[in-house]
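# Overview (structure and organization)
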Amino acid sequence: MRRLMFVMIEDKPEVGKKDVIRLSLKLSIEQKASLAAMHGRDFISLHDFTPVEIADLLALAKLLKHHEPLPILKGKQLAMIFTKASTRTRVSFEVGIRQLGGDAVVLLSGDTQIGRGEPIKDTARVLSRYVDGIMIRTYDHQDVLDLARWASIPVINGLTDDLHPCQALADLLTIQEHKGHLTGLKMTYIGDGNNMATSLMFAGAKTGMHVTICCPPGYEPSAAYLEQARGDARGESRIEVVHDPQTAAEEADVLYTDVWASMGQEAERDSRAAAFAQYQINEDLLRVAAEDCIVMHCLPAHRGEEITEEVIEGPHSVVFDQAENRLHAQKAILATLMGHPEDFV
Ligand code: CP
Ligand code: NVA
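Here is what the cut-offs are and how they apply
Residues numbered from 1 in each chain as written. Chains lettered and ligands numbered in written order. Predicted model: local features only at pLDDT ≥ 70, side-chain atom pairs only at ≥ 80, totals over all residues. Heavy atoms only, no water. Helix = DSSP H or I, 4+ residues; strand = E, 2+ residues; numbered from the N terminus. Buried < 20%, exposed > 50% of the residue type's maximum accessible area, 1.4 Å probe, protein only. Near = heavy atom within 4 Å. Polar contact = N/O pair within 3.5 Å; in protein donor to acceptor, adjacent residues only side chain to side chain. Areas by Shrake-Rupley, 256 points an atom, 1.4 Å probe, with all protein chains shown as cover. Nonpolar A, V, L, I, M, F, W, Y, C, P; charged D, E, K, R; others polar. Pairing = 2+ DSSP bridges. Axes fitted to C-alpha atoms, helices over the stretch in contact; angles between N-to-C directions. Contact = heavy atoms within 4.5 Å.

### So, unusual backbone geometry
At the junction of L299 and P300, the peptide bond is cis and its omega measures out at 5 degrees in the coordinates. In this structure, P300 sits in the loop between β11 (294-297) and α13 (309-312). Even without glycine at this site, E251 takes up a positive phi of about 60 degrees. Locating E251 in the fold gives a position in the loop between α10 (245-249) and β10 (254-257). For E251, a relative accessible area of 55% puts it in the exposed group.

Set out below in C-alpha cells:
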C-alpha cells in the first residue's frame, strides 16, 4: 500500500537536516526507494521515467508544496543556462533551490562563452566541476542530450524546441489536484504540435490519460515522438492527433493550449496566425467539453489568439495554479536528482 503522511515539525526548531527529512518526508518505503534510485539521473523527457517514478515525483511535489521549506539541498549549487527567455522557469527554479537550502547561478547565453560558440561538451565538463546540477533552456534538443552525455551531474531540460517536461510534470500535479486522479481523464490539446504538445503526450501516456492533439494539418507533433508516446501509453490510454477542434473538445476533462508561434518561430507569426485561426479555446469550445472541464495554458498566453480573455480569466481556468505548481514540481525534481539518496531511505 503506497501512502503519504505528514508529521509536523513546528515544535522542533533546532532539528537537523536528516531529522527534518525523516520527520517530514513520510513517504512509503517503496516511494523512498524509488526516489533514491533516481538520484543523479537527468530529467530530459518524461519518456525516460516509469509511471511509478512519475507518481513518486508527484507525491514528493505534493508533500513539499504543503510543507515549510526543508534544507534537502543545503550547500548544493544549480547552474541555469538560458538561450531563450523565461519568467516562470527561471524564477521557480531559482526560488525552488533556495527554499531547499541550495543556490543557483544564472547563465544567460549572451553573457557567456556558450553564446560565443564554446562547445557544449566543454561547458558540460567545466560546470560539472563547479556545481551539482544543470538546468538548461535552449533551442536544439540535441544540445541538451549532448550536455547530459558530457556532464557528470544531473541535467534538467527547462524547455527545448522539442520538449518541456518540467511544465508537463507540474501540469500533472495540477490536474491531479483539481480532478483527484489522472487515469482515464480526457485531455484535449488545441494548437501547435510543439514542445508542450509532445511533453503532454508523454505525461498523458504514462499516467493512463486519453490525449487528443488537435492541430492544423501540417503542424502535427513529430512522428518519432508520437510513436514513442504511443509506445508509452498505459492501460486504456490513447494518443490521437486530429484536426477538428469542436469534435476534439467533446467531453474533454482538460482543455489545454499553448501559443501559436513558439520562441524561435517569430518569423512565422503571420502564416501561423492564419493557419491557427480556428484553433482557439473559447466559450464555444468550452460548451462541448465536460461540464467541470479545467482549462490549462503553460503561459505566457496571447489573449485573442490561442485563448480568449473570457476563458483564461473564467471559472474553468487553472492557469495560475499551473504556474504555481512549477515551483513545487521542480523542487521535487531537484530534491530527487540532486539530494542525498539517504534522505529518502
Ligand atoms: N511556462 C513556462 O515555461 O514559462 P516561462 O517561459 O516564463 O519559463
Ligand atoms: N511553446 C512555447 C512554450 C513556452 C513556455 C515556446 O516554446 O515558446
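The structure having been displayed, the exposition proceeds.
### Some details on the site of ligand 2
Taken together, L159, H164, N194, N195, D258, V259, S262, M263 and L299 form the complete shell of residues around ligand 2. N195 places a polar side-chain atom, nitrogen or oxygen, 2.8 Å from an oxygen atom of ligand 2. One nitrogen or oxygen atom from the side chain of D258 is found 2.6 Å from a nitrogen atom belonging to ligand 2. Protein chains bury 94% of the 270 Å² of accessible surface belonging to ligand 2 in isolation. Its residues assigned to classes, the shell around ligand 2 shows four nonpolar, four polar and one charged.

### Describing the sheet that holds strand β7 (residues 186-190)
Taken in spatial order, the five strands line up as β9-β8-β7-β10-β11 in an open sheet, and their pairing is parallel. One side of each edge strand has no neighbouring strand; the edge strands of this open sheet are β9 (239-242) and β11. Going across the sheet, the axis of each strand differs from the next one's by a mean of 20 degrees, ignoring polarity. Across five bridges, β7 lies against strand β8 (residues 210-214) in parallel orientation. Within the sheet, the bridge partner assigned to T188 lies in β8 and is T212. Running over the sheet, helix α7 (residues 165-179) touches β7, β10 and β11 and is turned about 165 degrees from β11.

Functional significance is not addressed by these values, which are geometric in nature.
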